[in-house]
Amino acid sequence: MKVVLQNLTKIYPSRNKKTDSDVIAVNDFSFEIASGDLVGLLGPSGCGKSTALNLICGLQSPTSGSIFFDEDDVTAVPPERRGVGVVFQNYALYPHLTVKENILFPLQNLKGPDKIPKQDMLNRANEVAGLVQIAGLMERKPSELSGGQQQRVAIARALVKMPRILLLDEPFSNLDARLRLQTREELRRIQRQTQITTVFVTHDQEEAMSISDTIIVMRDGKIEQIGKPQQVYDNPANLFVASFLGTPPINVFEGHVANGSAYIGNEAVISGINAENQQVYIGIRPEGFILNRQGPLKCELSRVEAMGRDISIVSKHSASASSIVRSICSESDISFESEQVCFSLKPEKVFLFSKETEERITSA
Amino acid sequence: MEKNNNKGWLYLLPAIAFLGLFMVYPLIDVSIYSIEEGYNSASQSFFGVGLYNYSYVLHDPYFLQALKNTFILVAITVPVSTSIALLISLGLNSITKLKVMYQTIFFLPYVTNTLAVGLVFMILFNKTAYTDGFANLIINYFGGSSVDFINGPYWAKMFVLCFYTVWVVMPFKVLTLTSALASVNQQYYDAAKIDSASKLRTFTKITLPMISPIVFYLVITGFIGAFKAYGDAVALFGTDLNAAEMNTIVGYICDMLYGNSGGYPSYASAGAIILFVIVLTITCLNLLISKKHVYY
Amino acid sequence: MANQSSFEKLNKTANAKKKAANAIIYALLSFWAVMILFPFYWMLLTSIKSYSSYNSEFKPMLYTLKPTIDNYKLAFTAVPLSRYFMNTLIFTISATSLMLAITVFSAYAFAKLNFKGKSFAFTLFLALMMIPNELVIVTNFVTITNLGMRNTYLGLVLPSIASVFYIYLLKENFEQIPAELYYAAKVDGTSDLAYLFKVMIPICKPTIFTIAILKAIECWNSYVWPRLITDDANYFVVSNGIQEIRENGFGRENIPAMMAAVVVISVPLIILYFIFRKSIMEGVAHGGTKG
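Rules used throughout
- Going along each chain's sequence as written, the residues are numbered from 1 onward.
- Labels are handed out in written order, letters beginning with A for the chains and numbers beginning with 1 for the ligands.
- Owing to the predicted nature of the model, reporting of local features is limited to residues with pLDDT of at least 70; listing and counting of side-chain atom pairs is limited to 80 or more, with chain, interface and lining totals taken over all residues.
- Note: side-chain values were computed over all heavy atoms of the structure, leaving out hydrogens and water.
- Segments assigned H or I by DSSP are reported as helices when at least four residues long, segments assigned E as strands when at least two residues long, and all are numbered from the N terminus.
- Under the scheme applied here, a residue whose accessible area is under 20% of the maximum for its type counts as buried, over 50% as exposed, and between as partly exposed, the area being computed with a 1.4 Å probe on protein chains only.
- In this description, accessible areas are obtained by the Shrake-Rupley approach with a 1.4 Å probe, and a residue is regarded as covered only by the protein chains that are shown.
- Under the counting rule used here, the positive set is Lys and Arg, the negative set is Asp and Glu, and His together with the chain ends is not counted.
- A single reference atom marks each charge: NZ on Lys, CZ on Arg, CG on Asp, CD on Glu.
- Stacked, tilted and edge-to-face are the three classes assigned to paired rings of Phe, Tyr and Trp, where Trp is represented by its six-membered ring and a pair needs centres within 6.5 Å; plane angles under 30 degrees give stacked, over 60 edge-to-face, the rest tilted.
- The criterion is that NZ of a Lys, or CZ of an Arg, lies within 6 Å of the ring centre and within 35 degrees of the ring normal, and then a charge sits over that ring.
- Note on contacts: a residue pair qualifies if any of its non-hydrogen atoms lie within 4.5 Å across the two residues.
- By convention, the term buried area covers the 1.4 Å-probe accessible surface removed from two parts as they join, with the contributions of both added.
- A carboxyl oxygen of Asp or Glu within 4 Å of a side-chain nitrogen of Lys or Arg is what we treat as a salt bridge.
- The term polar contact refers here to a pair of N or O atoms within 3.5 Å; inside protein, the definition further demands a hydrogen-donor-capable atom paired with an acceptor-capable atom, and it admits residues adjacent in sequence only when both atoms are side-chain atoms.
- Every axis corresponds to a line fitted to the C-alpha atoms, with the helix fit spanning only the stretch in contact, and the corresponding angles, defined between N-to-C directions, vary from 0 to 180 degrees.
- Each angle is binned into one of four classes, with values under 35 degrees roughly parallel, values over 145 roughly antiparallel, values of 65 to 115 roughly perpendicular, and all other values oblique.
- It is the rotation of the near helix from the far one that decides the hand of a crossing: anticlockwise by less than a right angle makes it left-handed, clockwise makes it right-handed.
- For this classification, the nonpolar set comprises Ala, Val, Leu, Ile, Met, Phe, Trp, Tyr, Cys and Pro, the charged set comprises Asp, Glu, Lys and Arg, and every other residue, Gly included, is treated as polar.
- Disulfide assignment relies on a single distance test, namely cysteine sulfur atoms paired within 2.5 Å.
- Marked domain ranges trace back to an automatic or database domain assignment.
- Remark: nonpolar core denotes a set of buried residues (Ala, Val, Leu, Ile, Met, Phe, Trp, Tyr, Cys) joined through side-chain atoms within 4.5 Å.

(A) Region of the structure containing the overall build of chain C. Assigned secondary structure in chain C consists of 15 helices and zero strands. With the C-alpha coordinates of chain C rotated into their principal frame, the extents come out at 80 × 70 × 35 Å. Taken across its 291 residues, chain C has 51% of its residues classed as buried. When the accessible area of chain C is evaluated, it comes to approximately 13,700 Å², of which 67% is carbon and sulfur surface. Here chain C holds 25 positive side-chain charges and 16 negative ones, and the gap between their average locations is 8 Å.

(B) View of the packing of aromatic side chains. The full count for this structure, using the stated rule, is 48 aromatic pairs over all chains. Centre to centre, the rings of Phe125(B) and Phe159(B) are 6.4 Å apart; their planes meet at 75°, and the pair counts as edge-to-face. A residue pair is termed long-range when its members are at least 10 positions apart, and Phe125(B) in helix 5 (residues 114-125) and Phe159(B) in helix 7 (residues 154-182) qualify at 34 residues. Linked through ring pairs, Phe121(B), Phe125(B), Phe149(B), Phe159(B), Phe163(B), Tyr164(B), Trp167(B) and Phe40(C) together constitute an aromatic cluster. Sitting over the ring of Tyr94(A), Arg157(A) keeps its end group 4.8 Å from the ring centre.

(C) Region of interest: the interface of chain B and chain C. Taken together, the contacts link 98 residues of chain B with 100 residues of chain C. Of the roughly 9,000 Å² buried where chain B meets chain C, counting both sides, 74% is carbon and sulfur surface. Counting every contact that joins chain B to chain C gives three salt bridges. A salt bridge links Asp255(B) to Arg227(C); its shortest N-O distance comes to 3.6 Å. Linking chain B to chain C there are 19 residue pairs in polar contact (both at pLDDT 80 or more). No other element matches the 20 residues that helix 1 (residues 7-35) of chain B contributes to the side of chain B that touches chain C.

(D) The arrangement of the interface of chain B and chain A in detail. Tallying the contact residues gives 17 residues for chain B and 23 residues for chain A. Approximately 1,900 Å² of surface area, both sides summed, lies buried where chain B meets chain A, with 61% of it carried by carbon and sulfur atoms. When residues of chain B are sorted by the area they lose upon contact with chain A, Gln187(B), Ile194(B) and Asp195(B) head the list and together hold 35% of the total. Across the pair Arg157(A) and Asp195(B) runs a salt bridge, and its minimum N-O distance is 3.8 Å. Our enumeration of links across chain B and chain A arrives at seven residue pairs in polar contact (both at pLDDT 80 or more). Sorting the residues of the side of chain B that touches chain A by element identifies helix 8 (186-194) and helix 9 (199-227) of chain B as the ones contributing at least two each. Looking at the side of chain B that touches chain A, the element that brings in the most residues is helix 8 of chain B, giving seven residues.

(E) Inspection of the side chain of Glu207(A) at higher detail. Residue and element names in this part refer to chain A. In this fold, Glu-207 is placed in helix 6 (residues 205-211). Buried charge Glu-207 goes without a salt bridge, the closest partner of opposite sign being Arg-180 at 4.4 Å. Other than its neighbours up to four places away in sequence, Glu-207 contacts Phe-172, Arg-180, Arg-184, Phe-200 and Thr-202.

(F) Expanded view of the packing of helix 1 of chain B against helix 4 (residues 81-112) of chain C. The contact between helix 1 of chain B and helix 4 of chain C brings their axes to 8 Å, and the two run at 135°. The angle between the axes of helix 1 of chain B and helix 4 of chain C places the two elements in the oblique class. The crossing of helix 1 of chain B and helix 4 of chain C is left-handed. Here Gly8(B), Tyr11(B), Leu12(B), Pro14(B), Ala15(B) and Phe18(B) of helix 1 of chain B lie close against helix 4 of chain C, whose contacting residues are Ile102(C), Phe105(C), Ser106(C), Tyr108(C), Ala109(C) and Phe110(C). Of the residues assigned to the contact of helix 1 of chain B with helix 4 of chain C, the class counts are ten nonpolar, two polar and no charged.

(G) Inspection of the packing of helix 11 (residues 249-257) of chain B against helix 6 (residues 133-146) of chain C at higher detail. In the contact formed by helix 11 of chain B and helix 6 of chain C, the axes pass within 11 Å of each other and the chain directions differ by 5°. Considering the angle they form, helix 11 of chain B stands roughly parallel to helix 6 of chain C. Seen from helix 11 of chain B, the contacting residues are Val250(B), Ile253(B), Cys254(B) and Leu257(B); seen from helix 6 of chain C, they are Glu134(C), Ile137(C), Val138(C) and Phe141(C). In terms of residue class, the contact of helix 11 of chain B with helix 6 of chain C is made up of seven nonpolar, no polar and one charged.

(H) Structural detail: the state of the cysteines. Scanning the model with the defined rule gives zero disulfides over all chains in all. With no disulfide of its own, Cys342(A) lies closest to Cys299(A) among cysteine sulfurs, the gap being 8.1 Å. What makes Cys342(A) buried here is its relative accessible area of 11%. For the unlinked cysteine Cys254(B), the closest cysteine sulfur is that of Cys219(C), found at 17 Å.

(I) How the structure looks around the domain arrangement of chain A. All names here are of chain A. Each domain of chain A was delimited in the assignment, giving domain 1 (3-236) and domain 2 (251-361). Each of domain 1 and domain 2 has a C-alpha centre, and these two points are 40 Å apart. Buried surface at the junction of domain 1 and domain 2, both sides included, amounts to about 480 Å², of which 34% is carbon and sulfur. Interface area lost by domain 1 to domain 2 is led by Tyr-233, Asp-234 and Pro-236, which between them contribute 84%. In this structure, the connection of domain 1 to domain 2 is made through zero salt bridges. Applying the counting rule to domain 1 against domain 2 returns three residue pairs in polar contact (both at pLDDT 80 or more). When its residues are assigned to classes, the side of domain 1 that touches domain 2 shows two nonpolar, one polar and one charged.

(J) The arrangement of the nonpolar core in detail. If you look at the biggest cluster of nonpolar residues, it comprises 232 residues, and the most contacted ones within it are Phe69(A), Ile165(A), Leu167(A), Phe106(B), Leu81(C), Tyr108(C) and Phe174(C). In terms of residues, this core owes the most to one element, helix 7 of chain B, which gives 17 residues. In this view, Phe106(B) contacts Ile88(B), Leu92(B), Pro171(B), Val174(B), Leu29(C), Trp32(C), Ala33(C) and Ile36(C); residues no more than four positions away in its chain are not counted. Ile103(A), Val128(A), Leu145(A) and Ile211(A) belong to the second largest nonpolar core, which has 36 residues in total.

(K) The arrangement of the pattern of salt bridges in detail. Residue and element names in this part refer to chain A. Enumeration over the complete set of coordinates arrives at 21 salt bridges over all chains. For Asp-213, the salt bridge is made with Arg-188, and the minimal N-O distance between the two is 3.2 Å. Taken as a pair, Asp-213 in the loop between helix 6 and strand 9 (214-219) and Arg-188 in helix 5 (residues 177-194) lie far apart in primary sequence, 25 residues in all. Exposure class is identical for Asp-213 and Arg-188. Each is buried. One network of salt bridges, with partners in common, ties together Arg-152, Glu-186 and Arg-189.

Okay, here's the thing in structure tokens:
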């Protein structure tokens, strides 16, 4: 099912009219989620992504704008009639009910024409339990399960009523690192298998990048960029998106454009730029550096870290926005006796942003 | 902390002394009293040892009356007050405006002198030669005829006693339930909403199980409190509760110790131990039942 | 568009339902509020009605046009109300402060000191929590009588100054203070006693205060023990006093004067309540019971 948000806005009125201003948690959201997509809603904490999720599932109602599920306007429809499945951050499993009772709970709430016979309920519960691989845990209480198992139960409970859309709020944040990797593959598999349009909220860009069909990057209630993960990574719309995505993060330098070349200090690091002369931020992905003794970018070498296949070179540069410049190179034939390290750059890994607006100017 | 000396006992000394004298010793002593037959407080002598005191108390019509009154009081006030308190707490938890004001008012009876306000209740319900009282005014308004609640028929008196008891125990229950309800995580309600649970189902399947330990705690303390009822009855019907047929077990014990028929610590002890056994039994029964129904 | 309007309709009925539910809730709450407040109103009202006007109302009036304070004068002159008041005050203050001292020391021993037999002693203390007061009043009555302390303040106060429950409450609070503070104090050469008074008590002031307030309320309203231990009106506390007034006071029928006395007795605690509402309610929610 397709989900369309049109000019969706949510404003929290201020508590104290005199001192606070209203908080705009979600500002003029418009986007479309294609049917069957797995969408990662990504942003730093406090950017309004959870509010956006609550607006989609109906727990909160928007100040203005509308939400469509396919052709239906569901803006005014209460959550229980939207046909959404939600996995809450702390799972919200009912602690006094067994796993089976938890999964059956939504089905038992069906009324009128939607009501289904008891045996069918059980069959469906068993079916989703099998899908998320918890069939052996049906008689346990949530407190007797590990974090990962609780997560699966929560997903099963959300899926059992065959929702039109599945929403997950920070689904992996309560799991330890190893389980996190495993669970996100699991989510990917379940989503592929069920083909349910799925939206999940996360602050972890790696998580979003690794399993999403589409990511939506948010900041301060606004959408910064929407696209396929690789596409957003390769073509960030602005400095924020460029720095938010990628580990290690992008290196940002202050520089300027003059006569078709980008300068850091007095060195032209990239040429052939189609932009007016101006002050810019130059973002260079760590993998965009090439060790080159004649290279234009001269940095002060701090240390070299081995990463297995690659090496990571940590250096300093006076124009860098952060205290270190981190580059990842595959060559290892580098002599480190000098205190200086010189790079040339891969143009496709270098992005220029206007110093004023922080918007992307052009790719080099 | 590592140092292991006996200075700790010094700090505990006052507590141990007073608890020993006024709690532990009486515990043993009261058991002994209760089996000393024919104890005379003036000469401090007794005839023999046996269960006669218990038999006397259990055959004493005043005690049986007190026992009956106490059981009726418990059976009515505990369920009534707990369910009304639950209703009020649910109401309190679903509003935001004026919530603090209502809470403040509802808690007021907790800090009032039971005897003093009981007197007001007595006056509200009393029917004398000069006036039928306020309660009867309302009954008359709805077409009923006046009832003497204080000196009249047994059930009228029992009604007032139960009514006043509920009034007195309500603040504690409302306060406790309100904070229990407020501590249920909002996420469960959100989840229930997404799962299309109706209001009633959310209440019976989620809210009630989640607060069941507190409800159970209130029922137990309610039972214990109601079994110890005395002051409320005195406030309403005066100190001569036997004459008013409104005595309670604690009242009987006090009367046996000191009062119009006083001076029989043996009988009082037997009564006290019977009370203790009843309370203990009911508490254990409650615990057994709760094992099955209370979620922890 | 048809869809849109049906949604609006749905929204409207939902809103109407919510409003109706709210109205019912507020009606219920207000009803109970009236039930609570009415007795207080009635005692105030009756206390300012004159004796003659009260007795002439066969149908009680819900208001009065001629308020009088004569009843209050009578309450303080015809019966020893101020005497009862003073007794209660002495009883409450001495019982509360003695109880606090004992509680603080015991809680400190259990929470922070290490000594042989501590856990055994604590288990014993907890077991005592289950013993109802009613079980021990018989012997206490005899003990106090034998000590010749009937009709004395000591007799009133002594049996109730060691409270296992409050010791337990304060011990829990003391234990939340990190042990590092204790070690730091030790390194600085602070004695156990100085540590208790300079660190523990100031930090746990709110709990201690709550305990004091709860105990004070308990004392002010206690009836059974004072009734047993005092038969001399010079040592009556307000609870006995009110009973005495009722049975032998202004003459059985002088209800307005009686109500004036009831008002006077109720007011101190109500004032205390309005000042310390938050800490009282938090303290009770934490584990108080009535009776």
